[in-house]
Amino acid sequence: RDWSSDVCSSDLSSWQVLAVAAVYVVVTRPLDVLDAGFVFTFAATAALLTVMPWTTTWSLPRPWIWVATSLASSIAVDMTLLPASAALLSRVSLAGPVLNLVAVPLMGVVQIAGLVTALPQPIDAVSRASGLVAHLAATGIVESARLVDAWPRLNLRVPAPEPWLLAVYYAGLVVFVIACRNPR
């Protein structure tokens, strides 16, 4: 039996897929574990996987469920990345949850419009229109980040925490997640 059929099986949970991806990166590019992109990507994904089961239990009106889920997801990611951001970037942003309400949907628009732009188009107008949409959405992302220009206190410069403090924080976070695992 081929191992790849097991790895690519639809029976895998999201956590198993995240673990396989992390192991793959560690094995093929071990120095990437020291890269901020690796830390932020896998930690943010773990935060989203943790908070999503909780959001499915909420009974809110349809437009509010999107706002509540987006805010909860963004807060979970920010709380997970807070110490890593302080350690790797010497910065902590308090504007993330609000800015993500704008940036995340716009990033989806950028990606979809970018894909349409890159497709071979029999009609040049389609490429131009999708390129314009991608440009406007990307501009919206960049301009939304100007909130921290208006209120610089939302983006704090902080000293890097000691490694033992990071270990205590993340150990406590893991204990919290395990203790609160089943929202139902």
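Please refer to the structure higher up on the page.
Residues numbered from 1 in each chain as written. Predicted model: local features only at pLDDT ≥ 70, side-chain atom pairs only at ≥ 80, totals over all residues. Heavy atoms only, no water.

Draft legend 1. Spotlight on the nonpolar core. Membership of the largest hydrophobic core is limited to 10 residues, which are Phe40, Ala43, Ala44, Ala47, Val51, Ala72, Ala76, Val77, Leu81 and Ala84. Sorting the residues of this core by element identifies helix 3 (36-55) and helix 4 (62-89) as the ones contributing at least two each. Leave out the neighbours within four places in its chain, and alanine 84 touches Val39, Phe40, Leu89, Leu166 and Tyr170. Of all hydrophobic cores here, the second largest spans 6 residues; its members include Val25, Phe38, Phe42 and Ala46. (Core = buried A, V, L, I, M, F, W, Y, C linked by side-chain atoms within 4.5 Å. Buried < 20%, exposed > 50% of the residue type's maximum accessible area, 1.4 Å probe, protein only. Helix = DSSP H or I, 4+ residues; strand = E, 2+ residues; numbered from the N terminus. Contact = heavy atoms within 4.5 Å.)

Draft legend 2. Just unusual backbone geometry, in detail. With a phi close to 55°, serine 90 is a non-glycine residue in the positive phi region. Note on placement: serine 90 falls in the loop between helix 4 and strand 1 (91-93).

Draft legend 3. Main features of the pattern of salt bridges. Applying the stated criterion across every chain yields a total of 4 salt bridges. The salt bridge involving aspartate 124 is made with arginine 128; its shortest N-O contact spans 3.0 Å. Remark: arginine 128 and aspartate 124 occur in helix 6 (residues 124-144); sequence separation between them is 4 residues, near one turn of the helix. With relative accessibility at 48%, the residue aspartate 124 sits in the partly exposed group. Under the relative-accessibility criterion, arginine 128 is labelled exposed at 54%. Measuring nitrogen to oxygen at the nearest pair gives 2.9 Å for the salt bridge that ties arginine 146 to glutamate 143. (Salt bridge = Lys/Arg side-chain N within 4 Å of Asp/Glu carboxyl O.)

Draft legend 4. Structural context of a nonpolar patch on the surface. Together, Val26, Leu31, Val33 and Leu34 make up a nonpolar patch on the protein surface, roughly 390 Å² of accessible area in all. Within the secondary structure, valine 33 is located in the loop between helix 2 (14-28) and helix 3. Given the relative accessible area of 32%, valine 33 is considered partly exposed. (Patch = residues over 30% accessible without salt bridge, like charges linked within 9 Å, V, L, I, M, F, W, Y side chains within 5 Å. Areas by Shrake-Rupley, 256 points an atom, 1.4 Å probe, with all protein chains shown as cover.)

Draft legend 5. Representation of the side chain of serine 73 in the model. Mapped onto the secondary structure, serine 73 falls in helix 4. By relative accessible area, serine 73 is classed as buried at 11%. Only 2.8 Å separates the side chain of serine 73 from the backbone oxygen of threonine 69, close enough to count as a polar contact. Setting aside chain neighbours within four positions, we find serine 73 in contact with Leu48, Val51 and Met52. (Polar contact = N/O pair within 3.5 Å; in protein donor to acceptor, adjacent residues only side chain to side chain.)

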